[in-house]
Amino acid sequence: MSRDGSTRRPDGPAGWLRGWRPAVSMASRNLRRNRVRTVLAVLGVCIGVLAVAALGIFGNVLALGADDAIGDIGTQVVVSPNNDAGVESLSDADIASIRRAVDGPAVVPLYSDSATVARQGDQTFATVYGVEEPALAYDAAEGRLPERHRQGAILGAGIAEDLSAGAGDTVEIAGSQVRVIAVLVESQTFSPVAPDDAVFLPESAFSADGYAQALVVSDSGAEARAAADAIREAVNARQDRVELFELAALVDEINEFFDLLSTFLLGLGAISLVVAGVSILNVMLMSTVERRQEIGVMRAVGVARRDVLRVLLAEAGLIGAAGAAAGTLLTVMLVAGLVVATPAVDAALVLDRTNAYYLLLALVFGVGVGIVSGAYPAWKAANERPVEALRS
C-alpha cells in the first residue's frame, strides 16, 4: 500500500502503461459527457494548428521559390578596378594575383567597350566584352563555345532575340561584319556583367591596356565568399586596388529576409495556439469545478493522486491530440487545394520534404498546448483534500 492508501503499481514501462490505459479510457468517457464544450475546445486547437502549419509552409514555399528563381547568382564574384584609388583597369599582374588567391574557381578577365550591333536593318546598342575563355563562365544555347575564343562573335540571349540572329548568321558590329559562332543561354544572374545584352568578341579585337573586369566563377556560394575574402587579402593588402561585387552577399540578404518572414508567420500562427490553450485551460477548470464531488469520492475510496492527475491530463491531451490531428489534416487539404487552384505554384516546392517539419511542429505544438493547459487544473484537483471536495 502506498502512503495515500492506494495499491502501489508495478514499476517499469509495463506498469506505467497499465496505469495510463484506464486513465485514457475514463478521460474519453468524461469528454463525451459534454460534447459541445469538448468540440469547441478541439476546434480551437484545430484552428491554431492549421494557422501554424499553413503559415509555416507558405513562408517556406516562398523562400524555396525565391531560392529557385535566384538560381546560381551566388556563385559569382565580379572584380573591378577601384577608380577612387586611381586604378582605371586590371593589369595582367592583378589577374595573376587574383588567380593565385582564389586557387580553384575560374577567373575570366574581360575587356569592355560598347558598340552598335545591327542585322538586316535591325540594330541595337550593346556592351561588347573581350574574352578568351567564355566556356568557363557561360553556356551556349546555340552553336558551341570554343575553349579559346579566336574569331567570331558570341551573342547574349537578349541581343540574339532583338536581332533575330542565331549561330551561323552574320551581324555588323561597329561597322565590321562578324559571323556568330554561338548564342548564350539566357542568364539567371543579377550582375554588373549582364551577358544577355552583350556581345563577346576575342581579346584581339581590343587594344586596351588593361582589363575592365574579372569574373570569378565558383561552384557554390560558400566558395565564392571564400574567394572574395582571399582576393581582398591578396590584391588589396597594400592598396585598395579592386572593388568586389559579391552576389553571394545579395543571396544571403534575401535568405535572411525570408527566414524573418517565416518566423513572423509562425509567430502569427502561434498566437492562435495560445488562444486555444487558454480555451482548454478554461474547459478543464470548469470541468474540475463541476466534478469536484466526483473527484472527492474517487480520492475518498482510495484512488491515488497520480491516477486523478492521469485522468485529467489525459482529457487535456486528448483534446490537444484531436485538435492537432484535425488541424494537420486540414492543412494538407488546404495546401493541396492551393496547388490545384493556383497553377503558378510549383508542386515540387510544396512537396519539398522541409515542409514536413512545419506539419510535425504544429502537431507536437498542438498536443503540447493541450497537456500544458490541463496541467494546472489537473494538479489542483488531484491535490485537493477529499473532505473539502465532498463538503462542497
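Going by an unreviewed UniProt entry, the chain carries the name ABC transporter permease and comes from Halorubrum coriense DSM 10284. You can read under Subcellular location (unreviewed entry) in the UniProt record for the chain the words "Cell membrane". Recorded in UniProt under Sequence similarities (unreviewed entry), the annotation for the chain is "Belongs to the ABC-4 integral membrane protein family."

1. Some remarks on unusual backbone geometry
Of note in this structure, glutamine 120 is not a glycine but carries a positive phi near 50 degrees. The topology assignment puts glutamine 120 in the loop between strand S2 (106-119) and strand S3 (122-130). With relative accessibility at 69%, the residue glutamine 120 sits in the exposed group. Residue serine 164 is not a glycine yet carries a positive backbone phi of 50 degrees.

2. Some details on empty space enclosed by the protein
The gaps of empty space that remain are located by a probe, the size of a water molecule, rolled over the atoms. All told, the structure shown has 1 cavity of 30 Å³ or more when counted by the stated rule. Approximately 40 Å³ is the volume found for the largest cavity. Forming the walls of the largest cavity are Arg99, Val108, Pro109, Val131, Glu132, Glu133 and Glu203. Considering only residue class, the lining of the largest cavity consists of 3 nonpolar, no polar and 4 charged.

3. Description of the packing of aromatic side chains
For the structure on display, the rule yields 6 aromatic pairs. Seen in terms of ring centroids, tyrosine 129 and phenylalanine 200 are 5.5 Å apart; in terms of plane orientation they differ by 25 degrees. Their pairing is stacked. Taken together, the residues span a long stretch of sequence, with tyrosine 129 in strand S3 and phenylalanine 200 in strand S8 (residues 198-201) at a distance of 71 residues. For tyrosine 129, a relative accessible area of 4% gives the class buried. The exposure class assigned to phenylalanine 200 is buried, which follows from its relative accessible area of 1%. Clustering of aromatic rings is evident, with ring pairs tying together Tyr111, Phe206 and Tyr211.

4. Considering the nonpolar core
Core analysis: the biggest nonpolar cluster contains 36 residues, and Val79, Ile98, Ile173, Val199, Val216 and Ile231 have the highest contact counts within it. Top element by residues in this core is helix H5 (residues 221-235). It accounts for 5 residues. Beyond its immediate sequence surroundings of up to four residues, valine 199 is in contact with Val117, Ala126, Thr127, Val128, Tyr129, Ala153, Ile154, Leu155, Ile159 and Ile173.

5. What about a negative patch on the surface?
Together, Asp122, Glu161, Asp162, Glu186 and Asp197 give the surface a local cluster of negative charge. In this structure, aspartate 122 sits in strand S3. The class of aspartate 122 is partly exposed, set by a relative accessible area of 39%.

6. Comments concerning the pattern of salt bridges
Any two side chains of opposite charge can pair, given that their charged atoms come close. Under the definition given, this model contains 7 salt bridges. Notably, a salt bridge pairs glutamate 132 with arginine 150, separated by 3.9 Å at the nearest N-O pair. With glutamate 132 in the loop between S3 and strand S4 (140-143) and arginine 150 in the loop between S4 and strand S5 (153-155), the pair connects residues that are 18 residues apart, well separated along the chain. A relative accessible area of 26% means that glutamate 132 is categorised as partly exposed. Given a relative accessible area of 57%, arginine 150 falls into the exposed group. We note a salt bridge from arginine 148 to glutamate 133, for which the minimum N-O separation is 3.4 Å.

7. Some remarks on a nonpolar patch on the surface
Together, Val36, Leu40, Leu43 and Ile47 give the surface a local cluster of nonpolar side chains, amounting to about 390 Å² of exposed area. Counting through the fold element by element, leucine 43 comes out in helix H2 (residues 35-70). Note on leucine 43: relative accessible area 44%, which makes it partly exposed.

Criteria and cut-off values
Residues numbered from 1 in each chain as written. Predicted model: local features only at pLDDT ≥ 70, side-chain atom pairs only at ≥ 80, totals over all residues. Heavy atoms only, no water. UniProt positions renumbered as here; feature names shortened; annotations may be inferred. Helix = DSSP H or I, 4+ residues; strand = E, 2+ residues; numbered from the N terminus. Buried < 20%, exposed > 50% of the residue type's maximum accessible area, 1.4 Å probe, protein only. 1 Å grid on protein atoms, 1.4 Å probe; cavity = no way out; pocket = protein on both sides within 12 Å on 5 of 7 lines; lining within 4 Å. Points joined across faces, edges and corners; volume = space filled by probe spheres on them. Nonpolar A, V, L, I, M, F, W, Y, C, P; charged D, E, K, R; others polar. Phe/Tyr/Trp six-rings, centres within 6.5 Å; stacked < 30°, edge-to-face > 60°. Core = buried A, V, L, I, M, F, W, Y, C linked by side-chain atoms within 4.5 Å. Contact = heavy atoms within 4.5 Å. Patch = residues over 30% accessible without salt bridge, like charges linked within 9 Å, V, L, I, M, F, W, Y side chains within 5 Å. Areas by Shrake-Rupley, 256 points an atom, 1.4 Å probe, with all protein chains shown as cover. Salt bridge = Lys/Arg side-chain N within 4 Å of Asp/Glu carboxyl O. Lys, Arg positive; Asp, Glu negative; His and termini not counted. Charge placed at Lys NZ, Arg CZ, Asp CG, Glu CD.

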